[in-house]
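A closer look at the structure
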Amino acid sequence: MRFPHKRLGYIVALAVIGSTIVSAQSAPGADVQFKLRTGIQTDTNDDGLKARTLGFGLDLGYETAIGRFGAELGFQYKPGDQSKSDVTTFPVKTGAVVPSNAYSGDIRRNSLEGVTVRLSFEQSLGGSPVSWRAGVQFGGAKFRHEYLGDIADAGYAHYEDTYNGVATKSMLAMSPFAGISYRLSETSAVEFNVLVLNYTAIKYMHVAGQNVDASGHSITTLDYTTNQSRMVPHLELGYSFRF
């Protein structure tokens, strides 16, 4: 799992930016909040991703007479499981024999991540500790698809294909969210959101039976990737700390 060290760098960077902003903050009504959140998706799909999400961000807000407007810079990560494909369902070159699972292996792993920008509006419910909130998240939608395969027909009678690589798909996704927050103290609060996560899932398709070129390398010129647009609801639980 690649999460801990790389993402720790983002946390440190946001903390440095936050301390800089706080030291320069002077406008009345302005505040800076550091936010941590996790989420769980409410439906299932076949994209090879785990149900959970992890995220954090630095939110710069301004309180007005009607409510708080916020702009958050952050990072989101949704890990995936390693999975093995049924190669008998793979497309084959015209005239080629269907590959055999007994003589083949195809391993995949997916993940979703990226820098996010969240624009939000929050308003207290009658001066109580509870506020409703809504907004939109941009980004956080780089889909990473890793694949590794060695497939053949029964007994390696006609072909053995080998291939590997990493395919990615990035998009400027717009993911709406809405929910409530509960103020625990003057400096902290918990948030409950519904986020409809928007991304494009990709899948590498190997066409079996292309054989090898003159140098002995497997031919993959007929291979391709498929795209599938997703809008996946997630329930989010978050914690915010105001500097």
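First things first, this report covers the structure right here in the doc. Because the structure is a prediction, the values reported are computed rather than measured.

1. Considerations on the nonpolar core
The biggest cluster of nonpolar side chains holds 21 residues, and the ones touching the most others in it are Leu112, Phe143, Ile151, Tyr163 and Tyr199. Of all the secondary-structure elements, those providing two or more residues to this core are strand S7 (142-152), strand S8 (160-169) and strand S10 (188-205). It is S10 that contributes the most residues to this core, six residues altogether. Residues Val32, Phe34, Leu58 and Tyr77 belong to the second largest nonpolar core, which totals six residues.

2. With respect to the side chain of Asn198
Tracing the sequence through the fold places Asn198 in strand S10. Among the residues examined, Asn198 registers a relative accessible area of 14% and is labelled buried. Not counting residues within four places of it along the chain, the set of residues in contact with Asn198 comprises Ala141, Met171, Ala173, Met174, Ser175, Arg230 and Met231.

3. Structural notes on the pairing of strand S9 (residues 174-183)
With nine bridges connecting them, strand S6 (residues 130-139) and S9 associate as antiparallel partners. Each bridged residue has a counterpart across the sheet, and for Arg133 the counterpart in S9 is Gly179. For S9 and S10, the ladder comprises seven bridges, and the chain directions are antiparallel. Note that in S10 the partner of Phe177 across the bridge is Leu195. Counted between consecutive antiparallel strands, the loop separating S9 from S10 contains four residues.

4. Quick word on the side chain of Gln76
Looking at where Gln76 falls in the secondary structure, it is placed in strand S3 (residues 68-78). With a relative accessible area of 6%, Gln76 lands in the buried category. Engagement of the side chain of Gln76 in a polar contact is seen with the backbone oxygen of Gly140, the distance being 3.3 Å. Sequence-distant contacts of Gln76, that is, excluding residues within four places in its chain, are made with Leu54, Gly55, Leu112, Glu113, Gly114, Thr116, Arg118, Gln137, Gly140, Leu195 and Leu197.

5. A look at the environment of Leu36
One can find Leu36 in strand S1 (residues 30-41). Sequence separation between Leu36 and Tyr239 is 203 residues; the distance between their C-alpha atoms is 5.3 Å.

6. What to know about unusual backbone geometry
The backbone phi angle of Tyr156 is positive, close to 55°, even though this residue is not glycine. With a phi close to 70°, Asn211 is a non-glycine residue in the positive phi region. Mapped onto the fold, Asn211 is located in the loop between S10 and strand S11 (224-242).

7. A closer look at the environment of Gly209
You can see Gly209 is positioned in the loop between S10 and S11. Residues Gly209 and Lys93 lie 116 residues apart in sequence; the distance between their C-alpha atoms is 5.6 Å. Residue contacts for Gly209: discarding those within four places in its chain leaves Lys93, Ala96, Tyr159 and Asp161.

8. Quick look at the packing of aromatic side chains
Applying the stated criterion across every chain yields a total of eight aromatic pairs. Geometrically, the ring pair formed by Phe143 and Tyr199 is stacked, given 6.1 Å between the ring centres and 10° between the ring planes. Note that Phe143 is positioned in strand S7 and Tyr199 in strand S10, a separation of 56 residues in sequence. Like Tyr199, Phe143 is buried. With centroids separated by 5.9 Å and ring planes inclined at 35°, the aromatic side chains of Tyr163 and Tyr204 adopt a geometry described as tilted. One end of the pair, Tyr163, is in strand S8; the other, Tyr204, is in strand S10, with 41 residues separating them in the sequence.

Each value, and the rule that gives it
Along each chain, the written sequence defines residue order, and numbers are assigned to residues from 1. This being a predicted model, a pLDDT of at least 70 is required before a residue's local features are given, and a value of 80 or more before pairs of side-chain atoms are given or counted; all residues contribute to the totals for chains, interfaces and linings. Side-chain numbers here rest on the full set of heavy atoms in the structure, without hydrogens or water. Buried Ala, Val, Leu, Ile, Met, Phe, Trp, Tyr and Cys residues form a nonpolar core when they are joined through side-chain atoms within 4.5 Å. Using a 1.4 Å probe on the protein chains alone, a residue whose accessible area is under 20% of its type maximum counts as buried, one over 50% counts as exposed, and one in between counts as partly exposed. Secondary structure is summarised from DSSP: a helix means a run of H or I of at least four residues, a strand means a run of E of at least two, and numbering begins at the N terminus for each. By definition, residues are in contact when any of their heavy atoms lie within 4.5 Å. Should DSSP find at least two bridges between two strands, the strands are regarded as paired. Contacts described as polar in this section are N or O atom pairs within 3.5 Å, which, within protein, must combine one atom able to donate a hydrogen with one able to accept it, while residues neighboring in sequence count only if both atoms come from side chains. In summary, the pairing rule links any two rings of Phe, Tyr or Trp, Trp by its six-membered ring, whose centres are within 6.5 Å, and it sorts them by plane angle into stacked for under 30 degrees, edge-to-face for over 60 and tilted for everything else.

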